Amino acid sequence: DTAVSQTPKYLVTQMGNDKSIKCEQNLGHDTMYWYKQDSKKFLKIMFSYNNKELIINETVPNRFSPKSPDKAHLNLHINSLELGDSAVYFCASSLGRSLNTEAFFGQGTRLTVV
Amino acid sequence: GNSVTQMEGPVTLSEEAFLTINCTYTATGYPSLFWYVQYPGEGLQLLLKATKADDKGSNKGFEATYRKETTSFHLEKGSVQVSDSAVYFCALSGSYDMRFGAGTRLTVKP
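Residues numbered from 1 in each chain as written. Chains lettered and ligands numbered in written order. Predicted model: local features only at pLDDT ≥ 70, side-chain atom pairs only at ≥ 80, totals over all residues. Heavy atoms only, no water.

K.L.:
I tried to follow the interface of chain B and chain A on my own but got confused; where do I start?
P.N.:
Accessible area lost upon the coming together of the parts serves often as the stated size of an interface. Taken residue by residue, the interface counts 23 residues in chain B and 26 residues in chain A. With both sides pooled, the region where chain B packs onto chain A buries about 2,000 Å², and carbon together with sulfur makes up 55% of that total. On inspection of chain B and its partner chain A, the count reaches 2 salt bridges. Its salt-bridge partner being Glu58(A), residue Arg99(B) comes within 2.8 Å of it at the nearest N-O pair. Seen at the junction of chain B and chain A, the total is 6 residue pairs in polar contact (both at pLDDT 80 or more). Secondary-structure elements contributing two or more residues to the side of chain B that touches chain A are strand 5 (33-38), strand 6 (44-50), strand 10 (86-94) and strand 11 (97-100) of chain B. (Contact = heavy atoms within 4.5 Å. Buried area = accessible area lost by both parts, 1.4 Å probe. Salt bridge = Lys/Arg side-chain N within 4 Å of Asp/Glu carboxyl O. Polar contact = N/O pair within 3.5 Å; in protein donor to acceptor, adjacent residues only side chain to side chain. Helix = DSSP H or I, 4+ residues; strand = E, 2+ residues; numbered from the N terminus.)

Set out below in structure tokens:
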């Protein structure tokens, strides 16, 4: 059983296109996150959601729009893709209200914009 | 806001050498602290954690102690193996928030 699953694993697309990445967790967690990892491995938080409510929006361009239909899903839609959006995007989940529990990560989606 | 500062590396060691990766943090309140490991092509996995001051987290020979007085959580291992080659991330938890350091790439040579 995959705890946090995201699809697709690889995504190659042209500049200007719109794409979505899906994420699902079966851990019963109330908080989900999106992170962007650049080529230097720096991991930057983009969004966090708690029970479908946006908690953190870390100065991400408006072209990025997260959507949480329920607390087990957090999808990321990206409009008008740019070359600089190329990165690995990680979904994660945790019991956000508890500071003692760790985040569980998906396997990542490698996005390449050409 | 919460933040983590981590020794960036890269770090290259010979097998059986001693490893230290420094991590310091800035936080309001009393966060938990974590070390994650990322192997090539994979997501992040929890390596160890500590939830309060003076706690020591340990796993697979790795250790880190939560030092409130120095706001540090340095990762150590007494004898590294080639299989420990990976990227290591220090992290801290806030409410509905988890922040990571810049990551340290470790390469262990036989």
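K.L.:
Help me understand the pattern of salt bridges in this model?
P.N.:
Should the charged atoms of two oppositely charged side chains come close, the side chains can pair. In this structure the tally under the stated criterion is 8 salt bridges over all chains. Of the charged contacts, one joins Glu102(A) and Lys49(B) as a salt bridge, the two residues approaching to 3.1 Å between their closest N and O atoms. A residue pair is termed interchain when its members come from two chains, as with Glu102(A) in the loop between strand 9 (87-94) and strand 10 (104-105) and Lys49(B) in strand 6. Of the residues examined, Lys49(B) reaches a relative accessible area of 33% and is grouped as partly exposed. (Buried < 20%, exposed > 50% of the residue type's maximum accessible area, 1.4 Å probe, protein only.)

K.L.:
Help me understand the nonpolar core in this model?
P.N.:
Note on soluble globular proteins: their nonpolar side chains tend to be buried together. Within the largest apolar cluster, 25 residues are counted, with the highest numbers of intra-cluster contacts made by Leu19(B), Trp35(B), Leu48(B), Phe73(B), Leu75(B) and Tyr88(B). Looking at this core, the elements that each hand over two or more residues are strand 2 (11-14), strand 3 (19-21), strand 4 (23-26), strand 5, strand 6, strand 8 (62-65), strand 10 and strand 12 (104-109) of chain B. Per-element tally for this core: the top contributor is strand 10 of chain B, with 4 residues. Among the nonpolar cores identified, the runner-up in size contains 20 residues, and Ile21(A), Cys23(A), Leu81(A) and Leu111(A) belong to it. (Core = buried A, V, L, I, M, F, W, Y, C linked by side-chain atoms within 4.5 Å.)

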